[in-house]
Amino acid sequence: MLKVAIIVGSTRPGRKAEAVARWVLELARKRTDAGFELVDIQDFHLPLLDEPVPPSLGQYSKSHTLAWAAKIDSFDAYVFVTPEYNHGTSGALKNAIDFLYREWNNKAAGFVSYGSAGGTRAVEQLRLVMGELQVADVRAQVMLSLRTDFENYTTFTPAPHHEKSVQAMLDQVIAWGGALKPLRGK
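An unreviewed UniProt entry lists the protein chain under the name NADPH-dependent FMN reductase, from Archangium violaceum Cb vi76. UniProt lists a comment for the protein chain under the heading Subunit (unreviewed entry), and it reads "Homodimer." The Subcellular location (unreviewed entry) field of the UniProt record for the protein chain holds the comment "Cytoplasm".

Have a look at this one:
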């Protein structure tokens, strides 16, 4: 069975990403075609990239990098839950992604974003990064508005129609994650 990480992509105090990620996890766990796990980048205490050797060489020297690499390597696919800060993804998520290389390769990714414009610009940036990491990012995505999906811009109250978007995105992530699995076995 495929393993899919739902990655909480913010470490900001008062962040909304954890509530959004838990909602995605709750919806995902109703499925029987994959296993799902919440992965919170905050739990790994990653400093600004501090490895002396480029990640593409896989010569990690820090214990936090080794723990992060082992966790990310254990999955077949990812769902990134990202805020949009200043028309981009969070610095914490970008930093966490940049720590690794091989562990991301030949896997699939989907996106759940939120912001004043649904977080679409954050996802646009992440799609470019995924290409470099040899991650197949899927077309379907979930875009949540701070105005309509968060009561008073703070409490997460997603509109019911987003559940269909989550399932469509997961359908694609699971299909692509499965299709890419033979490449990882080589």
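**Q** If you had to explain the nonpolar core to someone new, which residues and values would you point to?
**A** Formed by 32 residues in total, the largest nonpolar core has its most connected members in Ile6, Phe36, Val112, Leu144 and Met169. Elements supplying a minimum of two residues to this core: strand E1 (2–8), helix H1 (17–28), strand E2 (34–40), strand E3 (77–83), strand E4 (107–115), strand E5 (135–145) and helix H5 (162–184). Here this core gets eight residues from one element, more than from any other, and that element is H1. Leaving out residues up to four positions away in the same chain, Met169 has contacts with Val79, Gly110, Phe111, Val112, Val138, Ala140, Gln141 and Val142. With 28 residues, the next largest nonpolar core counts Phe75, Phe80, Phe111 and Leu133 among its residues.

**Q** Can you break down the pattern of salt bridges residue by residue, with the values?
**A** Under the definition given, this model contains 14 salt bridges. One salt bridge connects Glu18 with Arg22, and the closest N-O pair in it is separated by 3.1 Å. Placement of the pair is Glu18 and Arg22 together in helix H1, with a separation of four residues, close to one helical turn. The partly exposed category is assigned to Arg22, whose relative accessible area is 45%. We note a salt bridge from Arg127 to Asp137, for which the minimum N-O separation is 2.5 Å.

**Q** So, the packing of helix H3 (residues 91–98) against helix H4 (residues 120–132): which residues are in play, and what are the values?
**A** It is the contact of H3 with H4, at a shortest axis distance of 12 Å, that shows an interaxial angle of 5°. Classified by the interaxial angle, the pair formed by H3 and H4 is roughly parallel. Two secondary-structure elements touch here, H3 through Leu93, Lys94 and Ile97 and H4 through Leu126, Val129 and Met130.

**Q** So, the pairing of E2: which residues are in play, and what are the values?
**A** In terms of strand pairing, E1 meets E2 through seven bridges, oriented parallel. Pairing of Leu2 across the sheet is with Ala34, part of E2. Each parallel crossover has a hand, and the one from E1 via H1 to E2 is right-handed.

**Q** Any details on the pairing of E3? Residues and values, ideally.
**A** Within E3, seven of the seven residues are buried, which leaves it mostly tucked inside the rest of the structure. Taking every second residue as pointing to the same face, both faces of E3 are buried, with Ala77, Val79, Val81 and Pro83 on one and Tyr78, Phe80 and Thr82 on the other. The pairing of E1 with E3 spans five bridges and is classified as parallel. The residue bridging Ile7 from the neighbouring strand is Phe80, located in E3. Two strands pair when backbone bridges link them, and E3 and E4 are joined in this way by seven bridges, in the parallel orientation. Note that in E4 the partner of Tyr78 across the bridge is Ala109. Each parallel crossover has a hand, and the one from E3 via H3 to E4 is right-handed.

Calculation criteria
- Residues numbered from 1 in each chain as written.
- Predicted model: local features only at pLDDT ≥ 70, side-chain atom pairs only at ≥ 80, totals over all residues.
- Heavy atoms only, no water.
- UniProt positions renumbered as here; feature names shortened; annotations may be inferred.
- Core = buried A, V, L, I, M, F, W, Y, C linked by side-chain atoms within 4.5 Å.
- Buried < 20%, exposed > 50% of the residue type's maximum accessible area, 1.4 Å probe, protein only.
- Helix = DSSP H or I, 4+ residues; strand = E, 2+ residues; numbered from the N terminus.
- Contact = heavy atoms within 4.5 Å.
- Salt bridge = Lys/Arg side-chain N within 4 Å of Asp/Glu carboxyl O.
- Axes fitted to C-alpha atoms, helices over the stretch in contact; angles between N-to-C directions.
- Parallel < 35°, antiparallel > 145°, perpendicular 65-115°, else oblique.
- Pairing = 2+ DSSP bridges.
- Right-handed = clockwise from strand over helix to strand, strands pointing away.

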